[in-house]
Structure formats: C-alpha cells, structure tokens
Amino acid sequence: MKILRSKKSLKGFRSLVDPSKKVAFVPTMGYLHEGHLSLVRKAKRQSDLVIVSIFVNPLQFSPGEDLEKYPRDEKNDLKILSKLDVDAVFIPEQKEMYFEKSQIIVTHKTLSKKYCGASRPNFFDGILTVVLKLLHMVNPHAIYFGKKDYQQLFLIREMVRALDMEVAVHSAPTVRDKNGLALSSRNAYLSDREKEQAVFAYRQLAALALELKNLAKKNKEVGGSQLKSLLFKTQKKIDDYPHFRIDYLVCLDRKTLDDAKSFRSGKAVLLLAVYFSCEDKEKREVRLIDNIEI
Ligand code: AMP
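(A) Focus on the side chain of Arg-14. The residue Arg-14 is located in helix α1 (residues 7-15) in this model. One buried charged residue, Arg-14, forms no salt bridge at all, with the nearest opposite charge on Asp-18 at 8.9 Å. Within the local environment of Arg-14, its side chain forms a polar contact with the backbone oxygen of Asn-139, the two atoms lying 2.8 Å apart. Among all residues touching Arg-14, those that are not within four sequence positions of it are Val-23, Ile-51, Val-138, Asn-139 and His-141.

(B) Spotlight on the site of the ligand. Close contacts around the ligand come from 17 residues, with Met-29, His-36, Asp-149, Val-175 and Leu-183 the closest. Between an oxygen atom of the ligand and a main-chain N or O atom of Met-29, the distance comes to 2.9 Å. With respect to the ligand, the backbone of Gly-146 contributes an N or O atom lying 2.9 Å from an oxygen atom. Within the complex, the protein chains bury 92% of what would otherwise be the 480 Å² of accessible surface of the ligand. Elements supplying a minimum of two residues to the shell around the ligand: β2 (23-28), α2 (34-46) and β5 (142-146). Of the residues belonging to the shell around the ligand, the class tally is 8 nonpolar, 7 polar and 2 charged.

(C) How the structure looks around the pairing of strand β6 (residues 168-172). The pairing of β5 with β6 spans 5 bridges and is classified as parallel. For Ile-143, the partnering residue across the bridge sits in β6 and is Val-169. Of the crossover connections in this fold, the one passing from β5 over helix α7 (residues 150-162) to the parallel β6 is right-handed.

(D) Molecular detail of the sheet that holds strand β1 (residues 2-4). Within the open sheet, the 6 strands sit side by side as β1-β4-β3-β2-β5-β6. Their pairing is parallel. Bordering the open sheet on either side are β1 and β6, each of which pairs with just one other strand. Adjacent strand axes in the sheet meet at a mean angle of 25 degrees, parallel and antiparallel pairs treated alike. Lying over the sheet, α1 contacts β1, β2, β3 (49-54) and β4 (88-90), oriented at roughly 140 degrees with respect to β1. Here helix α6 (residues 123-138) sits on the sheet in contact with β2, β3, β4 and β5, set at roughly 145 degrees to β2.

(E) Looking closely at the pairing of strand β7 (residues 244-253). Within β7, 7 of the 10 residues are buried, which leaves the element mostly enclosed by the surrounding structure. Bridging between β7 and strand β8 (residues 268-277) involves 9 bridges; their strand directions are antiparallel. What sits directly across from Arg-245, in β8, is Tyr-275.

(F) Main features of α7. Compared with the 18 Å implied by 1.5 Å per residue over 13 residues, the 18 Å span of α7 between its first and last C-alpha is a close match. Every buried residue of α7 is accounted for by Tyr-150, Gln-151, Gln-152, Leu-153, Phe-154, Leu-155, Ile-156, Met-159 and Val-160. Downstream of α7 by a residue or two, Asp-164 has a phi angle that is positive, lying close to 50 degrees.

(G) Representation of the sheet that holds strand β9 (residues 285-293) within the structure. In spatial order, the strands read β7-β8-β9; together these 3 strands make up an open sheet with antiparallel pairing. The sheet terminates laterally at β7 and β9, the two strands that pair on one side only. In this sheet, neighbouring strand axes are inclined to one another by 10 degrees on average, regardless of whether the strands run parallel or antiparallel. Strands in contact with helix α8 (residues 192-219) are β7, β8 and β9; relative to β8, the strand with the most contacts, it is inclined by about 155 degrees.

(H) Main features of the environment of Leu-128. Looking at the element boundaries, Leu-128 is found in helix α6. Setting aside anything within four residues of it in sequence, one finds Leu-128 in contact with Val-106, Thr-107, His-108, Ser-112, Leu-155, Ile-156 and Met-159.

(I) Representation of the packing of aromatic side chains in the model. According to the stated counting rule, one finds 8 aromatic pairs in the structure shown. Aromatic pair Tyr-115 and Tyr-248: ring centres 5.9 Å apart, planes at 50 degrees, arrangement tilted. Here Tyr-248 lies in strand β7 and Tyr-115 lies in the loop between α4 (94-97) and α5 (116-119), a separation of 133 residues in the sequence. For the residue pair Tyr-115 and Tyr-248, the accessibility class agrees, reading buried in each case. Pairing Phe-123 with Phe-124 gives two aromatic rings, centres 4.8 Å apart and planes at 55 degrees, and the pair type is tilted. As far as burial versus exposure is concerned, Phe-123 and Phe-124 are alike and both buried. Clustering of aromatic rings is evident, with ring pairs tying together Phe-200, Tyr-241, Phe-244 and Phe-276. In this structure, Arg-120 packs its charged tip against the face of Phe-123, placed 4.0 Å from the ring centre. Directly above the aromatic system of Tyr-275 lies the positively charged group of Arg-245, at a separation of 4.2 Å from the ring centroid.

(J) Just the environment of Leu-49, in detail. Relative to the elements of secondary structure, Leu-49 occurs in strand β3. Relative accessible area serves as the criterion here: at 13%, Leu-49 is assigned to the buried category. Sequence separation between Leu-49 and Gly-35 is 14 residues; the distance between their C-alpha atoms is 20 Å. Leaving out residues up to four positions away in the same chain, Leu-49 has contacts with Phe-13, Val-17, Lys-22, Val-23, Ala-24 and Asp-87.

Rules used throughout
- In this convention, every chain numbers its residues from 1, walking through the sequence in written order.
- Predicted model: local features are reported for residues with pLDDT of at least 70 only, side-chain atom pairs are reported and counted for 80 or more only, and whole-chain, interface and lining totals are derived from all residues.
- To get the side-chain values, all heavy atoms of the structure are used, and hydrogens and water are removed first.
- Secondary structure counts use DSSP, requiring at least four H or I residues in a row for a helix and at least two E residues in a row for a strand, with both numbered from the N terminus.
- Accessibility here uses a 1.4 Å probe with only protein chains present; expressed as a share of the type maximum, an area under 20% marks a residue as buried, one over 50% as exposed, and anything in between as partly exposed.
- In this tally, Asp and Glu contribute negative charge and Lys and Arg positive charge; neither His nor the terminal groups of the chain are included.
- Salt bridges, as used here, are contacts in which a Lys or Arg side-chain nitrogen is within 4 Å of a carboxyl oxygen on Asp or Glu.
- By the criterion applied in these results, polar contacts are pairs of N or O atoms within 3.5 Å in which, for protein atoms, one can donate a hydrogen and the other can accept it, and in which residues neighboring in sequence qualify only through two side-chain atoms.
- Note on definitions: a residue-residue contact is assigned when non-hydrogen atoms from the two residues lie within 4.5 Å.
- Nearness of a residue to a molecule or strand requires only that one of the residue's heavy atoms be within 4 Å of it.
- Computed with a 1.4 Å probe, the accessible areas rest on the Shrake-Rupley method; for each residue, only the protein chains presented here act as cover.
- Amino acids outside the nonpolar list (Ala, Val, Leu, Ile, Met, Phe, Trp, Tyr, Cys, Pro) and the charged list (Asp, Glu, Lys, Arg) are all regarded as polar, and Gly is one of them.
- Only strands that DSSP links by at least two bridges are regarded as paired with each other.
- Crossovers are described as right-handed under a simple rule: with the strands pointing away from the observer, the path leading from the first strand over the helix to the second runs clockwise.
- Fitting a line to C-alpha atoms yields each axis, with helices limited to the stretch in contact; the angle taken between N-to-C directions then spans 0 to 180 degrees.
- A helix's residues, less one, multiplied by 1.5 Å, set its expected span.
- Stacked, tilted and edge-to-face are the three classes applied to pairs of Phe, Tyr and Trp rings, where Trp contributes its six-membered ring and a pair requires centres within 6.5 Å; stacked means planes under 30 degrees apart, edge-to-face means over 60, and tilted covers the rest.
- Counting as a charge over the ring demands two things of the Lys NZ or Arg CZ atom: a distance within 6 Å of the ring centre and an angle within 35 degrees of the ring normal.

Here is the structure:
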C-alpha cells in the first residue's frame, strides 16, 4: 500500500496506473470505523484499484467547532487500510491542500445553509470545495460516500451534475453498532453508557418511520398537517428526554431535499440532528445526525 503525502507523489502514483483500470476513491477524515470500511469494501468490489484519503479538512469547520479535538489515529488507520489491501492512501498536510487567503469556495446557493448547514455555516461549502479539489487530484472513475451523511451525499451528487464532472457517485447504507447507533468518528467523544443513551434518538426516528409507513399503507398518503403533527410529536419526545436538544427533524422529498408536502412511501427521507449532552463536568454537547429513507 502506497502512502502518499503530497500532490506530487499522488500525481506520480496516478500516472503509473494503467488507463484501462477503474479507479475508485473513498475520501475520509480518518479515525476509521466499520462505516468507512464498508465504503472501502464496496469500492474494492466495484473497481480495479482503490485510493483512500485521510484529511481533516479545516475548511468545513466553523470557529468554536472541534477541529483541534477531532479524533485522529493515523497509525491505526493505515494498519486497517493495509489489511483491506487498499492500493494507496493520500494523507496531505493542510498546506498541500490550501494556500493562504484563497477566496474560492464551492457552494450550493440554498442547501449549503439548510438543515445541517443552518447550524454549521462553513460545513457544506468546505466539503464541496475539498471534494472538488480531491477529485481533480485523484481523478477517479468513481467516488464513494455513506448515506449516514445524507445531505452531504445529495450535495456531492448535485455538484457533480452541475459542474459536468465525469465521476460516478456511489453510496452505501449507514453502518450501526449493535444497539442501532450510527457509527461516527465523533462517537469517540461518548462513553459506552452515553452511546447506549444516545441511541434513543434513532429509536424515535425509526418509530416515526414505521408509523408513517403504516399510515401510508392504509391511506396511500399521509397529508401535510398529519405529517407535521407526527414530526412535532417525535421532536417533542426527543427534546423532553434527558440529554437531548433537537437541532432539526424534517421529512424531505428525496429528489430535491425540499420539505415533503405530504408523505408517500419510497419518496421521502427523515433527517435528524440532535445535541447530546454528556455526563461530565463540562457538560459537553456532542452533535449527532441520522436519517432513514422511507
Ligand atoms: P468522515 O470521515 O466522517 O468524513 O466520513 C467519510 C465517509 O464515510 C463519508 O462518506 C461518510 O458518509 C461515511 N460514513 C461515516 N459514517 C458512516 C456510517 N456509519 N455508515 C456508512 N458510512 C459512513
């Protein structure tokens, strides 16, 4: 497995790849878990050669977020990736990726500021910009993202479409722990007990998804006002539960990520973001996101 730390070495590696080979790319911020690995395995199955990147992208963090604290363990990540027989890992330094005072960013005029973008102002523009840059550098045939970050996946697809980029965007389902909590590098901020408590929000989301599906089975469609009141009921249940503060809970049209006016099975997605407050003295809050396609 090649470890590439500069754009130059990546370019050198890439230029030696036989042009008839299909190259797959899996971008990550490291501290790898089974969610990341599911993407790598899928990429391996569907291509001839897999490149993974590990880069904690400062551009997507806003002031006061956890850029410095973000969990990192390069040695372990490399061990895992080499066991999976990944061909190359690109681990650029910040100065390789950005020059000072660059004023260019990629944005989505509306969705960059909605849902997760409403409470994380730099998040999606930072992601779109770094993914565009990485795609130029790696030049893969296909790129892989998790459905865990649903809005991110949607925006990447939009960017690829809008900018006529010739790369296939593939996704893989959310990988969860045995209790149902979606795996995330940031789960490292939680103790085992806190992880057990944190799954409450997903359970409420799953219960809402089931209720909506059952209602739609009976009546074909759940009307707008009933949908609103079911969303409100679930939101309140989560908000009233100790440890949780809701950021948002929405039911969206999967094709546009606009609010669903009514609910029909197979066309919607529920997106949830919560703040979970830990039991330690500082009362740290960890932001968790999840979603269910229904
Ligand atoms: P990150 O390192 O958090 O930037 O994530 C890198 C990639 O892994 C993104 O495409 C994520 O959507 C994906 N990913 C993160 N967590 C999960 C999970 N639990 N299941 C599936 N994919 C995931």
